[in-house]
Amino acid sequence: MTPLVFHPIYSQLELPVRHRFPIEKYVGIRNALTSNGVPNNYFKKPTPVNVNNLKTVYDPTYIHQLINNQLDPKAMRRIGFPWSQQLIERTLTAVGGTIMTTQLALQHGKSINLTGGYHHAFANFGSGFCMINDLYLAALSMLQNDNINKVLIFDADVHQGDGTAKLASNNQNVFTVSIHGEKNFPHRKQISNLDFALPKGTTDELYLETVDNALSKAFNSFKPDAVIYDAGVDIHCNDDLGHLDISTQGVLARDKLVFDYCKLKGIPIAAVIGGGYQRDIEALVNVHLQLFIAAGVLT
């Protein structure tokens, strides 16, 4: 069994009309999985991350102001959401979900969170729909395990994992890889341990060669004990914000490469679904489902 982490709050957020963030996709993925025969007992319900624990890793003033609606309006605009109590509860639960996913991966070999990948959040500010960096927190959580000394964060979202790269820059036990669009958000890139910047219009062949090369380099140089995988599908040819030209089959091939590499090396993998911004939610859900096919949840 591959445990799947989901909470209804993932899709419970009132946003302005035509807001760019596809909040409905999370429950859409859940419903698609169950309608395709995935049993209810595969799904595990997370609890919100502890705010005091957040303050030990991230800037306590930022966390306090975020939770209590005291951030400067400019800081909220940079995040991209209007503040609400619902937003905070959803964020804390989503982050708790990624941490739970890593612990389940250590027990079962692999696990998937039906949200996650908030890689634009830094220690003291949020950006690009990301308020609290779940990937770095989840890596620290994995490192608490006696058998895990090195964690690889493998980020294949089309947007560079800038917050993650910065947070992990002084931690020798966390290795960051980002495969992203060269001319895409964020404008100011950070330095990951390995960065692969792809030109606009990149198609499957070059993309999959890059993923394979990135996996090989990361595993050979770092030799991780566990992997956290951001499986963003904003690389897809129909994505509104991606600017790459990757087919649905290419998304599946990428996800299979990552899962197969971890299986070959015998190390646990915790995946999050990452970004994806088609306005057609049904079509978007279908692209995200490739991750679950690659993981053997769906056939």
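Residues numbered from 1 in each chain as written. Predicted model: local features only at pLDDT ≥ 70, side-chain atom pairs only at ≥ 80, totals over all residues. Heavy atoms only, no water.

Draft legend 1. Region of the structure containing the environment of Tyr118. In this fold, Tyr118 is placed in the loop between strand 3 (110-113) and helix 6 (134-143). Judged by relative accessible area, Tyr118 falls into the buried class, the value being 8%. Sequence-wise, Tyr118 and Asn133 are 15 residues apart; in three dimensions their C-alpha atoms are separated by 5.2 Å. Apart from residues lying up to four places away in sequence, Tyr118 is in contact with Tyr26, Arg90, Ala94, Phe129, Cys130, Ile132, Asn133 and Asp134. A polar contact is formed between the side chain of Tyr118 and the side chain of Thr115, at a distance of 2.6 Å. (Helix = DSSP H or I, 4+ residues; strand = E, 2+ residues; numbered from the N terminus. Buried < 20%, exposed > 50% of the residue type's maximum accessible area, 1.4 Å probe, protein only. Contact = heavy atoms within 4.5 Å. Polar contact = N/O pair within 3.5 Å; in protein donor to acceptor, adjacent residues only side chain to side chain.)

Draft legend 2. View of the packing of aromatic side chains. Enumeration according to the criterion identifies twelve aromatic pairs in this entry. The interplanar angle of 35° and the centroid separation of 5.2 Å between the aromatic rings of Phe81 and Phe129 together place this pair among those described as tilted. In this pair, Phe81 sits in the loop between helix 4 (73-79) and helix 5 (85-108) while Phe129 sits in the loop between strand 3 and helix 6, placing the two residues 48 residues apart along the sequence. With respect to class, Phe81 is no different from Phe129; both count as buried. A connected cluster of aromatic rings, assembled from ring pairs, spans Phe6, Tyr10, Phe21, Tyr26, Phe81, Phe129 and Tyr277. A cation sits over an aromatic face here: Arg30 above Phe43, 3.9 Å from the ring centre. Cation over ring: Arg90 sits above Tyr26, and NZ or CZ is 5.0 Å from the ring centre. (Phe/Tyr/Trp six-rings, centres within 6.5 Å; stacked < 30°, edge-to-face > 60°. Lys NZ or Arg CZ within 6 Å of the ring centre and 35° of its normal.)

Draft legend 3. Examining unusual backbone geometry more closely. Omega for the peptide link from Phe185 to Pro186 comes to -5°, which places this bond in the cis form. Structurally, Pro186 can be placed in the loop between strand 5 (174-181) and strand 6 (194-198). In the Ramachandran plot, Phe129 falls in the positive-phi region, its phi being about 70° despite a non-glycine side chain. Among the residues examined, Phe129 registers a relative accessible area of 15% and is labelled buried. Even without being glycine, His243 reaches a positive phi, approximately 70°.

Draft legend 4. Helix 9 (residues 248-265), seen in detail. Taking 1.5 Å as the rise per residue, helix 9 with 18 residues should run 26 Å; its terminal C-alpha atoms sit 26 Å apart, in good agreement. Every buried residue of helix 9 is accounted for by Gly250, Val251, Leu252, Arg254, Asp255, Val258, Phe259, Tyr261 and Cys262. Lining the buried residues of helix 9 we find strand 3, strand 4 (151-155), helix 8 (204-222), strand 7 (226-230), strand 8 (269-272) and helix 10 (281-294). Positive phi shows up at Gly266, right after helix 9, with a value of about 70°. (Expected span 1.5 Å × (residues − 1).)

Draft legend 5. Representation of the nonpolar core in the model. Residues Leu33, Ile132, Phe154, Val177, Tyr229 and Phe292 are the most contacted members of the largest nonpolar core, which totals 102 residues. Looking at this core, the element that brings in the most residues is helix 5, giving eight residues. Not counting chain neighbours up to four residues away, the residues in contact with Phe292 comprise Leu4, Ile29, Leu33, Ile112, Leu114, Ile273, Val297 and Leu298. (Core = buried A, V, L, I, M, F, W, Y, C linked by side-chain atoms within 4.5 Å.)

Draft legend 6. A look at the sheet that holds strand 1 (residues 4-5). A sheet is described by the order of its strands in space; here eight strands give the open sequence 2-1-3-8-7-4-5-6, paired in parallel fashion. The open sheet terminates on both sides in strands that have one partner only, identified here as strand 2 (43-44) and strand 6. One ladder, built from five bridges, connects strand 4 with strand 5; its direction is parallel. Each bridged residue has a counterpart across the sheet, and for Asp155 the counterpart in strand 5 is Ser178. Helix-sheet contacts for helix 5 involve strand 1, strand 2, strand 3, strand 7 and strand 8, and the interaxial angle to strand 3 is about 165°. (Pairing = 2+ DSSP bridges. Axes fitted to C-alpha atoms, helices over the stretch in contact; angles between N-to-C directions.)

Draft legend 7. Molecular detail of the pairing of strand 7. Burial within strand 7 is extensive, with five of its five residues counted as buried. For strand 4 and strand 7, the ladder comprises five bridges, and the chain directions are parallel. Bridge pairing in strand 7 links Val151 to Ala226. Inspection of the sheet shows strand 7 paired to strand 8 by four bridges, in the parallel sense. Note that in strand 8 the partner of Val227 across the bridge is Ile269. At this point the chain moves from strand 7, through helix 9, to the parallel strand 8, and the crossover so formed is right-handed. (Right-handed = clockwise from strand over helix to strand, strands pointing away.)

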